[in-house]
Protein chains: 6
Amino acid sequence: MKVSVFRKAHFNAAHRLYNPAWTDEKNSAVFGKCNNANFHGHNYNLEVKVTGEINPETGYVIDIKELADLIKEEVENRFDHKNLNLDTAEFKNLNPTAENIAVVIYNILRPKLKPALDLQIRLYETDRNFVEFPA
Amino acid sequence: MKVSVFRKAHFNAAHRLYNPAWTDEKNSAVFGKCNNANFHGHNYNLEVKVTGEINPETGYVIDIKELADLIKEEVENRFDHKNLNLDTAEFKNLNPTAENIAVVIYNILRPKLKPALDLQIRLYETDRNFVEFPA
Amino acid sequence: MKVSVFRKAHFNAAHRLYNPAWTDEKNSAVFGKCNNANFHGHNYNLEVKVTGEINPETGYVIDIKELADLIKEEVENRFDHKNLNLDTAEFKNLNPTAENIAVVIYNILRPKLKPALDLQIRLYETDRNFVEFPA
Amino acid sequence: MKVSVFRKAHFNAAHRLYNPAWTDEKNSAVFGKCNNANFHGHNYNLEVKVTGEINPETGYVIDIKELADLIKEEVENRFDHKNLNLDTAEFKNLNPTAENIAVVIYNILRPKLKPALDLQIRLYETDRNFVEFPA
Amino acid sequence: MKVSVFRKAHFNAAHRLYNPAWTDEKNSAVFGKCNNANFHGHNYNLEVKVTGEINPETGYVIDIKELADLIKEEVENRFDHKNLNLDTAEFKNLNPTAENIAVVIYNILRPKLKPALDLQIRLYETDRNFVEFPA
Amino acid sequence: MKVSVFRKAHFNAAHRLYNPAWTDEKNSAVFGKCNNANFHGHNYNLEVKVTGEINPETGYVIDIKELADLIKEEVENRFDHKNLNLDTAEFKNLNPTAENIAVVIYNILRPKLKPALDLQIRLYETDRNFVEFPA
């Protein structure tokens, strides 16, 4: 009897899309406005989904307060009010697209959760553009 | 050619989290503010997902008006403006966590729907905390 | 390592629900207010979900700008500010329920996307009623 | 000590923008897609704001249940699932722009409320376009 | 050159509507489901609006971090996960309608803000019912 | 008979809060995380409110399509996917707080609108923090 528990969080960050293996022309052609060398930014809205059995003693799959604290420590404190390209180890050599950010957040949180729990990340870059990992 | 149909509904209720097998100290340690003996409350937002084949005559998987009426009769009338712990049979002996409420709503609605239809419940306890059953 | 990418769009349209094989009485009994011969209308909110592998060069599953343009050309331009029953080829002989509209949009977009990409459509007819195809 | 009380409601309707004193060409030039002779439609979201003194016995400015019922009877029943141009007396000779619809709703509700209460209407034609009357 | 600054916050609480000067019958007739002796509850969403001149040195009307902290200490900590009728001094002898809660929050925050700043409270009891004070 | 017409728009930008007349220590103490030298960013959501008489021929206060185009040309094209501090003339010497951005947008749009129309700007920096000018 598995239930999924979701927790929303958010962080505000600057980024630019850029592939260092390409010329500036190709970067600009592929990434358009998102390639601006001076960066732009977003309010990233995050939904973390954790799936598992209900503990019959607590009625919880996971204590949502603990999940919220984990997201705060591991994700919000790391990325909030940061420049993803310049201020974070994760995106020094990885293009901070929404897809890659979602995978990075998954990889940060996965080892912090019990193996019996499944994890999925949904990340909103804007109200109209968002991603989910794993699919 | 299966389609899922979703209907949103809501109910406003009081509850407290509490395990009668535990001491007050343990209840308070585990459930924190949610253990308040005088209760607190939420606007519960419910999404009911029903999946099945499109009826070629109507173009419907299910008449959403009938689904809305069913949710009103079976869920909203039962839980709206109630104290889940004190006023409902379902949570007399079951801790009213979001997880358990979702399972209870599933069990209420499941026998009212044709067996060929699949059912999933999403329940928002707050805008930032929600659950889904079955996962 | 598959990721899903979502893009929201919308269109405002008139429609009525109607089965030409039925009498007016049966149409009215089954479809109620939605059968109004003079039509009513909705702000349809659309979420297009595309699932695939991240391209390691771009960090994209799909360029969301291209996806947005595709939705604009193929769906918004076709249905926005239209009467679905009278102005569109797709619903000349198909009842424009939310279910059928979602299937139609799927069938419009599917051949425009690479076969390796999976596609799912979510369509909101109102804030409280929505559908998903495939389920 | 005046307080404002707000109640949200909604109705789904078809309409077209059209000035019978103009040629078809001028109507099309001014109203663009909104002039479609076969109509289009919207989910109109309505916010009714009523301002007055708190009744010390009830703690209410107005019983929101009574306000909700009034809106249902006078506005939702009149306009929901209707073609504003063809099915309603109010817009037989009045162009159903968001501005005019808001004024009409104000004029419908104003005489139903006690003179000591102030009234304001906010009407969303889409999530991005809305109006308020009186300003 | 006055600007208004808004900060959203929220608290989850139980309450019942009740006038001790009335019989149970009258309480039930006037307040309906909201009179349930065992309480029900809401996710109260709060918007605090502070109006004043921009400080040319900071570009702020008020440091929104300080405003958020003030709301947390004075409002959220006082009312979150509480039974408004039983657990709070403010509603021991005052009916906790949305109107009265908004006035109470105004009276709590008003003396904590500089006299040159104007204050207005908007309180959502549900997504569809909300109030504003002062009007 | 004045009506207000609102149009929503948005832009995604990077910024930092910084007063060049202050030491780095004072900047950091006052602006905290928002002072990050490498910038952070937001999805700015904008609501433009225009108030005036309804034109009896069109039923419009202002053609919302023209208003939307004006906002796109004058605000979105200027600020979207930009670094407010580095890429814009407006914030070269003005701290890009939400308050100041709202005033700047007002000053950009005011001369583009007829004098008989009133203008107000609401700007969301996040879902929980927003400003309005004039108050």
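Because the structure is predicted, anything quoted here is derived from the model rather than measured.

**Student:** Would you take a moment to explain the overall build of chain A for this structure?
**Tutor:** For chain A, the helix and strand inventory stands at four helices and five strands. Each helix (α) and strand (β) of chain A, taken in turn from the N terminus, gives the series β-α-β-α-β-α-α-β-β. Projected onto its principal axes, the C-alpha positions of chain A cover 60 × 25 × 25 Å. Once local pairs closer than 6 in sequence are excluded, the contacts in chain A between residues at least 24 apart make up 66%. If the 17 positive side-chain charges of chain A are averaged to one point and the 19 negative ones to another, these points end up 2 Å apart.

**Student:** Would you explain the packing of helix H2 (residues 64-79) of chain A against helix H4 (residues 98-109) of chain A in this entry?
**Tutor:** Relative orientation and spacing of two packed helices are given, respectively, by the angle between their axes and the distance between those axes. Residue and element names in this part refer to chain A. The contact between H2 and H4 brings their axes to 10 Å, and the two run at 140°. What the angle tells us is that H2 and H4 run oblique. Viewed along their axes, H2 and H4 form a crossing whose handedness is right-handed. Along its contact with H2, which presents Leu70, Glu74, Val75, Arg78 and Phe79, the element H4 presents Val104, Ile105, Ile108 and Leu109.

**Student:** Any chance you could explain the relation of the copies chain F and chain A here in plain terms?
**Tutor:** Applying a rotation about an axis and a shift along it to one chain copy brings it onto the other copy. Expressed as a screw transformation, the operator carrying chain F onto chain A has a rotation angle of 180° and an axial translation of 0.0 Å, and the superposed copies differ by an RMSD of 0.0 Å. Such a combination of rotation and displacement between the chain copies is what one expects of a two-fold axis. Interface overlap between copies: 100% of the residues of chain F at the interface are likewise at the interface in chain A, consistent with a symmetric, same-surface contact.

**Student:** So what exactly am I meant to see when it comes to the interface of chain F and chain A here?
**Tutor:** Put simply, an interface is often sized by how much accessible area is lost when its parts join up. At the interface, 22 residues of chain F touch 22 residues of chain A. Counting the surface chain F buries against chain A, the share from its top three residues, Asn38, Asn43 and His81 of chain F, is 33%. The interface formed by chain F and chain A holds two salt bridges in total. Lys33 of chain A serves as the salt-bridge partner of Asp80 of chain F, at 2.6 Å between the closest nitrogen and oxygen. Counting every contact that joins chain F to chain A gives 18 residue pairs in polar contact (both at pLDDT 80 or more). The biggest single contributor to the side of chain F that touches chain A is strand E2 (residues 40-53) of chain F, with five residues. Its residues assigned to classes, the side of chain F that touches chain A comprises five nonpolar, eleven polar and six charged.

**Student:** Is there a simple way to explain the arrangement of the chains in this structure?
**Tutor:** Taking C-alpha atoms as the reference, chain B and chain D come no closer than 14 Å and do not contact one another. Here chain C and chain F are not in contact; the least distance found between their C-alpha atoms is 14 Å.

**Student:** Would you take a moment to explain the environment of Asn93 of chain E for this structure?
**Tutor:** Residue and element names in this part refer to chain E. Inspection of the secondary structure puts Asn93 in the loop between helix H3 (84-87) and helix H4 (98-109). Judged by relative accessible area, Asn93 falls into the exposed class, the value being 79%. The sequence separation of Asn93 and Asn19 amounts to 74 residues, and the corresponding C-alpha distance is 9.0 Å.

**Student:** Teacher, can you tell me more about the side chain of His81 of chain E here?
**Tutor:** Along the polypeptide, His81 of chain E turns up in the loop between helix H2 (64-79) and strand E3 (82-83). Note on His81 of chain E: relative accessible area 9%, which makes it buried. Contact partners of His81 of chain E, with chain neighbours within four places excluded, come to Lys33, Cys34, Asn36, Phe39 and His40 of chain B together with Asn12 of chain E.

**Student:** What should I look at first to understand the environment of Asn45 of chain A in this one?
**Tutor:** Relative to the assigned elements, Asn45 of chain A resides in strand E2 (residues 40-53). Sequence separation between Asn45 of chain A and Phe11 of chain A is 34 residues; the distance between their C-alpha atoms is 6.7 Å. Those residues within four positions of Asn45 of chain A in sequence are excluded, and the remaining contacts are Ala9, His10, Arg122, Leu123 and Tyr124 of chain A together with Asp127 of chain F.

**Student:** Help me understand the pattern of salt bridges, please; the structure alone is not making it clear to me.
**Tutor:** Close approach of charged atoms allows side chains of opposite charge to pair. Residue and element names in this part refer to chain A. Under the counting rule described, the total for this entry stands at 38 salt bridges over all chains. Between Arg78 and Glu74 there is a salt bridge whose closest N-O contact spans 2.9 Å. Note that Arg78 and Glu74 are positioned in helix H2 at a spacing of four residues, about one turn of the helix. Accessibility expressed as a relative area gives 28% for Arg78, which makes it partly exposed. For Glu74, a relative accessible area of 15% translates into the label buried.

**Student:** Sorry if this is basic, but what is going on with the packing of aromatic side chains here?
**Tutor:** Given two aromatic rings, their pairing is described by the distance between the two centres and the angle made by the two planes. Scanning the entire structure with this criterion turns up 48 aromatic pairs over all chains. Ring plane angle 20° and centroid distance 5.1 Å describe the contact between Phe11 of chain D and Tyr44 of chain D, whose orientation is recorded as stacked. Of this pair, Phe11 of chain D sits in strand E1 (residues 2-15) while Tyr44 of chain D sits in strand E2 (residues 40-53), placing them 33 residues apart in sequence. Residues Phe11 of chain D and Tyr44 of chain D agree in their burial class; the two are buried. Judged by centre distance (5.6 Å) and plane angle (20°), the rings of Trp22 of chain E and Phe31 of chain E are stacked. Overall, the relative accessible area of 10% leaves Trp22 of chain E in the buried class. An aromatic cluster is defined as three or more aromatic residues linked by ring pairs; in this entry it consists of Phe11, Tyr44, Phe79 and Phe91 of chain A.

**Student:** Mind showing me how you'd approach the pairing of strand E5 (residues 129-133) of chain F here?
**Tutor:** One face of the sheet, then the other: side chains in a regular strand alternate in exactly this way. Residues and elements named next belong to chain F. The buried fraction of E5 is high, at five of five residues. Neither face of E5 is exposed, since Asn129, Val131 and Phe133 on one face and Phe130 and Glu132 on the opposite face are all buried. Of the strand pairs in this sheet, strand E4 (residues 118-124) and E5 are connected by four bridges, and their pairing is antiparallel. Directly across from Ile121, in E5, lies its bridge partner Phe133. What sits between the antiparallel neighbours E4 and E5 is a turn of four residues.

**Student:** Any chance you could explain unusual backbone geometry here in plain terms?
**Tutor:** For residues other than glycine, phi is negative in most cases, and the peptide bonds are mostly trans. Omega for the peptide link from Phe133 of chain A to Pro134 of chain A comes to -5°, which places this bond in the cis form. Structurally, Pro134 of chain A can be placed in the segment after strand E5 (129-133). Non-glycine residue His81 of chain C carries a positive phi angle of around 60°.

**Student:** Would you mind showing me how to read H4 of chain A here?
**Tutor:** Taking 1.5 Å of rise per residue, the twelve residues of H4 of chain A would be expected to cover 16 Å, and the 17 Å separating its terminal C-alpha atoms lies within 8% of that figure. Three or more residues of H4 of chain A are buried, namely Ala98, Glu99, Asn100, Ile101, Ala102, Val103, Val104, Ile105, Tyr106, Ile108 and Leu109 of chain A.

**Student:** Honestly, the confidence of the model for chain A in this entry has me stumped. Any pointers?
**Tutor:** When pLDDT is low, close inspection of the predicted coordinates is not appropriate. Residues of chain A with pLDDT of at least 70 account for 100%, and the chain-wide mean is 98. The ipTM value of the predicted complex is 0.97, and its pTM value is 0.98.

**Student:** Whenever I open this one, the side chain of Thr88 of chain B confuses me. Can you help?
**Tutor:** Residue and element names in this part refer to chain B. Tracing the sequence through the fold places Thr88 in the loop between helix H3 (84-87) and helix H4 (98-109). A polar atom in the side chain of Thr88 sits 2.7 Å from the backbone oxygen of Leu84. Looking at Thr88, its side chain comes within polar contact range of the main-chain nitrogen of Phe91, at 3.3 Å. Among all residues touching Thr88, those that are not within four sequence positions of it are Arg78, Phe79, Lys82 and Asn83.

**Student:** Would you explain the pairing of strand E1 (residues 2-15) of chain C in this entry?
**Tutor:** For E1 of chain C, the buried fraction is high: eleven of the 14 residues fall into the buried class. With four bridges joining them, E5 of chain A and E1 of chain C adopt antiparallel strand pairing. In the sheet register, Val131 of chain A faces E1 of chain C, and the bridge partner there is Val5 of chain C. When E1 of chain C meets strand E3 (residues 82-83) of chain C, the two strands line up parallel, connected through two bridges. Bridging across to E3 of chain C, Ala14 of chain C finds its partner in Asn83 of chain C.

**Student:** Sorry if this is basic, but what is going on with the environment of Ile108 of chain F here?
**Tutor:** Residue and element names in this part refer to chain F. The topology assignment puts Ile108 in helix H4 (residues 98-109). It is 9.6 Å that separates the C-alpha atoms of Ile108 and Ile71, two residues lying 37 residues apart in sequence. Setting aside chain neighbours within four positions, we find Ile108 in contact with Glu74, Arg78, Phe79 and Glu90.

Cut-offs and rules
Residues numbered from 1 in each chain as written. Chains lettered and ligands numbered in written order. Predicted model: local features only at pLDDT ≥ 70, side-chain atom pairs only at ≥ 80, totals over all residues. Heavy atoms only, no water. Helix = DSSP H or I, 4+ residues; strand = E, 2+ residues; numbered from the N terminus. Contact = heavy atoms within 4.5 Å. Lys, Arg positive; Asp, Glu negative; His and termini not counted. Charge placed at Lys NZ, Arg CZ, Asp CG, Glu CD. Axes fitted to C-alpha atoms, helices over the stretch in contact; angles between N-to-C directions. Parallel < 35°, antiparallel > 145°, perpendicular 65-115°, else oblique. Left-handed = near helix turned anticlockwise from the far one by under 90°. Least-squares fit on C-alpha atoms with pLDDT ≥ 70 in both. Buried area = accessible area lost by both parts, 1.4 Å probe. Salt bridge = Lys/Arg side-chain N within 4 Å of Asp/Glu carboxyl O. Polar contact = N/O pair within 3.5 Å; in protein donor to acceptor, adjacent residues only side chain to side chain. Nonpolar A, V, L, I, M, F, W, Y, C, P; charged D, E, K, R; others polar. Buried < 20%, exposed > 50% of the residue type's maximum accessible area, 1.4 Å probe, protein only. Phe/Tyr/Trp six-rings, centres within 6.5 Å; stacked < 30°, edge-to-face > 60°. Pairing = 2+ DSSP bridges. Expected span 1.5 Å × (residues − 1). pLDDT = per-residue confidence, 0-100.

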